Amino acid sequence: MATLTVPPVAMSPRDDAIQLHRAFKGFGCDTAAVINLLAHRDATCRALISQEYKAMYSEDIRKRLVSELTGKLETAVLLWMHDPPGRDAVVVKQGLSSDTTNHEAATEVICSRTPSQIQVMKQHYYAKFGVHLEHDIELHTSGDHKKLLLAYVSTPRSEGFEVIKEMAEKDAKVLYRAGEKKLGTDEKTFINIFSQRSRAQLSAISYAYQDMYKNSLEKAVKKETSGKFEHALLTILRCAENPGKYFAKVLHKAMKGLGTNDTTLIRVIVTRTEIDMQYIKAEYLKKYRKTLNNAVHSETSGHYRTFLLSLLGPNN
């Protein structure tokens, strides 16, 4: 469920391109006008505006935005200019190609997406970068983390809500034997079950595990695994149970304490606005007794703040 607010008057992409060109012209950029326009256009509109701008002014609008904007606002707006699967491809590519901390971003995007989102993202990845996603995972990750990511992006999974209770109980037993019951951990079993089961089924396994062993599957994962592999498993599990709650937690962590992790803040808000932001906002309010808008407002400033709040939509 998207949060984009539609402007009162339906504008044509051509008019939008003209307005943006006006905002860029002259001394300094009318940043407020650029934000106000782009933040209220969905992926289809943004693609059409880009086409019109190129046709009318023989210039790539993204390149123009790079020269007109700076800092965190530039990062956020440029990421926003892609469509959702293109954005995911960019975040994953940057995450895999850079240092370890950003591996977290790549892992989060891969492990929080549905099978159909992953398939489309893989196509965009190849179209943009000329290599297959699997090739980059192979190249830039290692160990059980690599095995899980490769399995997760290549295994077909159902997106339905059907659950087979007996199978969930059997898998819970298998995971218990592979983890808490034995000395050491059989990582291969965790990889197989977490990459092959649908979200609904994995959620049922988690419920069965709690019921049978009076301990949560999440705690078992934390106890039995570590590092990037643990992060990937927990992301898959938490998004199977409640993606809105998962992202609310990620956002809260990014804004908690001294300083703000703007990279995370931008990534989550920009990539989820056209997917499920209403649910994330509801979960945020429920868990932290504060609206997500208010939290973002107190952690950001200037045009950057205006842009993120425009994407978030009404403060509720």
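Just so it is clear, the structure is predicted and the values come from calculations on it, not from any experiment.

Reading the values: the criteria
Throughout, residues of each chain are indexed from 1 in the direction in which the sequence is written. The predicted nature of this model means local features are confined to residues of pLDDT at least 70 and side-chain atom pairs, given and counted, to a pLDDT of 80 or more, with totals for whole chains, interfaces and linings taken over all residues. With hydrogens and water set aside, each side-chain value is computed from the structure's full complement of heavy atoms. The buried label goes to any residue with under 20% of its type's maximum accessible area, the exposed label to any with over 50%, and the partly exposed label to all in between, with areas taken from a 1.4 Å probe on protein chains only. Helix and strand assignments follow DSSP, with helices taken as H or I runs no shorter than four residues and strands as E runs no shorter than two, numbered in order from the N terminus. Note that the arc is computed from the directions linking the helix axis to the C-beta atoms. Using a grid of 1 Å spacing that covers the protein atoms alone, one calls a set of points a cavity when a 1.4 Å probe fits there but cannot get out, and a pocket when the set is open and has protein on both sides within 12 Å along at least five of seven lines; lining residues are those with an atom within 4 Å of a point. Grid points are joined across faces, edges and corners, and a volume is the space filled by probe spheres set on the points. Residue ranges assigned to each domain were obtained from an automatic or database domain assignment. Ten residue types, Ala, Val, Leu, Ile, Met, Phe, Trp, Tyr, Cys and Pro, are classed as nonpolar, four, Asp, Glu, Lys and Arg, as charged, and the remainder, Gly among them, as polar. Whenever a carboxyl oxygen of Asp or Glu lies within 4 Å of a side-chain nitrogen of Lys or Arg, that contact is scored as a salt bridge.

Draft legend 1. Helix H9 (residues 133-140), seen in detail. Looking only at H9, the buried set comprises Leu133, Asp136 and Ile137. Looking straight down H9, one finds its buried side chains confined to an arc of 100°; they lie on one side.

Draft legend 2. Inspection of the layout of surface pockets at higher detail. Counted as a void, the largest pocket has a volume near 570 Å³. Forming the walls of the largest pocket are 23 residues, and the residues nearest its centre are Glu104, Val250, Lys253, Ala254 and Thr264. For the lining of the largest pocket, the secondary-structure elements that each account for two or more residues are helix H7 (100-112), helix H15 (227-241), helix H16 (243-255) and helix H17 (262-272). Per-element accounting of the lining of the largest pocket gives the leading share, six residues, to H16. For the lining of the largest pocket, the domains that each give at least three residues are domain 1 (165-241) and domain 2 (247-312). Each pocket or cavity is described by its volume, and for the second largest pocket that value is around 360 Å³. The wall of the second largest pocket is formed by 18 residues, among which Thr75, Leu79, Val90, Val91 and Gln94 lie closest to the centre. When contributions to the lining of the second largest pocket are tallied by element, the ones reaching two or more residues are helix H4 (61-68), helix H5 (71-80), helix H6 (84-97), H7 and H17. Take the lining of the second largest pocket: its biggest share by element is five residues, from H5. In terms of residue class, the lining of the second largest pocket is made up of seven nonpolar, seven polar and four charged.

Draft legend 3. Structural detail: unusual backbone geometry. Located in the positive-phi region is Lys214, a residue other than glycine, with phi close to 50°. Relative to the helices and strands, Lys214 resides in the loop between helix H13 (199-213) and helix H14 (217-224). The exposure class of Lys214 is exposed, given its relative accessible area of 64%.

Draft legend 4. Up close: the pattern of salt bridges. The full count for this structure, using the stated rule, is 19 salt bridges. One salt bridge in this structure joins Glu274 and Arg46, with 2.9 Å as the shortest N-O distance. Linking Glu274 in the loop between H17 and helix H18 (277-288) with Arg46 in helix H3 (residues 43-57), this pair joins segments that are 228 residues apart in sequence. The class for Glu274 is buried, based on a relative accessible area of 16%. Across the pair Arg87 and Glu274 runs a salt bridge, and its minimum N-O distance is 3.0 Å. Placement of Arg87 in helix H6 and of Glu274 in the loop between H17 and H18 is noted, with a sequence separation of 187 residues between them. Three or more residues are tied together by salt bridges with common partners; here these are Arg46, Arg87 and Glu274.

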